[in-house]
Amino acid sequence: MKKLKVLTDQCIGCGACVGIDPEHFDFNEDGLSKVINEENLESESLQEAIEYCPVGIISIENTEEDDSETQNNSSENSCNETQNKTFEDSYNETQNKTSENSFEEQSSRGK
Ligand code: SF4
């Protein structure tokens, strides 16, 4: 899901967004922009308001649902990493044993 966001603490109260897209923006009690509607985020006037904000503080952001997907991916990755390491370790162990064994065999044959 997406969320419309205005960094109100950086707003200069020019009113461009409210003028261009009154469906999504209005002034708060301090005369700064605030979001009043989270619907219809694909609208042309919203895109225009984002474009015309002189301080560039209007954005459409992804919400937590997408974040949790990212977290799942990263835990999958670390699981794979662990698996790879384990495989590498056991491979190395096997190699060590094999070379040790053949060394022992050789030295016992030499006797
Ligand atoms: S266009 Fe930007 S600076 Fe102007 S009122 Fe809207 S959010 Fe504030």
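Our structure is the block above this text.
Description of the structure in this document. (Residues numbered from 1 in each chain as written. Predicted model: local features only at pLDDT ≥ 70, side-chain atom pairs only at ≥ 80, totals over all residues.)

1. Focus on the overall build of the protein chain
Line of reasoning, step 1. For the protein chain, the count of helices and strands is three helices and four strands.
Line of reasoning, step 2. Starting at the N terminus and walking to the C terminus, you meet the elements of the protein chain as β-α-β-β-α-β-α.
Line of reasoning, step 3. Classification of the 111 residues of the protein chain by burial places 12% in the buried group.
Line of reasoning, step 4. By sequence separation, contacts in the protein chain at least 24 residues apart represent 62% of the contacts at least 6 residues apart. (Helix = DSSP H or I, 4+ residues; strand = E, 2+ residues; numbered from the N terminus. Buried ≥ 20, exposed ≤ 12 C-beta atoms within 10 Å, placed from the backbone. Contact = placed C-beta atoms within 7 Å.)

2. Quick word on the nonpolar core
Line of reasoning, step 1. Counting residues in hydrophobic clusters, the biggest one holds nine residues: Val6, Cys11, Cys17, Ile20, Phe25, Leu46, Ala49, Cys53 and Ile58.
Line of reasoning, step 2. At the level of elements, helix H1 (16-20) and helix H2 (44-52) are the ones that each hand at least two residues to this core.
Line of reasoning, step 3. Beyond its immediate stretch of four places on either side in the chain, isoleucine 58 contacts Val6, Cys17, Ala49, Ile50 and Cys53. (Core = buried A, V, L, I, M, F, W, Y, C linked by C-beta atoms within 7 Å.)

3. What about unusual backbone geometry?
Line of reasoning, step 1. Notably, asparagine 40 is not glycine yet its phi reads approximately 55°, a positive angle.
Line of reasoning, step 2. Mapped onto the elements of the fold, asparagine 40 is located in the loop between strand S3 (33-35) and H2.
Line of reasoning, step 3. Classification of asparagine 40 by C-beta neighbours within 10 Å gives exposed; the count is 12.

4. Some remarks on the environment of valine 6
Line of reasoning, step 1. Assignment of secondary structure puts valine 6 in strand S1 (residues 2-6).
Line of reasoning, step 2. In this structure, the C-alpha to C-alpha distance between valine 6 and isoleucine 58, residues 52 residues apart in sequence, is 4.6 Å.
Line of reasoning, step 3. Leave out the neighbours within four places in its chain, and valine 6 touches Cys11, Ser33, Lys34, Val35, Ile57 and Ile58.

5. What to know about the environment of glycine 19
Line of reasoning, step 1. Here glycine 19 lies in helix H1.
Line of reasoning, step 2. As for glycine 19 and serine 45, which are separated by 26 residues in sequence, their C-alpha atoms are 9.9 Å apart.

6. A word on the environment of asparagine 28
Line of reasoning, step 1. Topologically, asparagine 28 is positioned in the loop between strand S2 (25-27) and S3.
Line of reasoning, step 2. Between the C-alpha atoms of asparagine 28 and threonine 8, which are 20 residues apart in sequence, the distance is 9.3 Å.
Line of reasoning, step 3. Every residue in contact with asparagine 28, bar those within four places of it in the chain, is listed here: Thr8 and Lys34.

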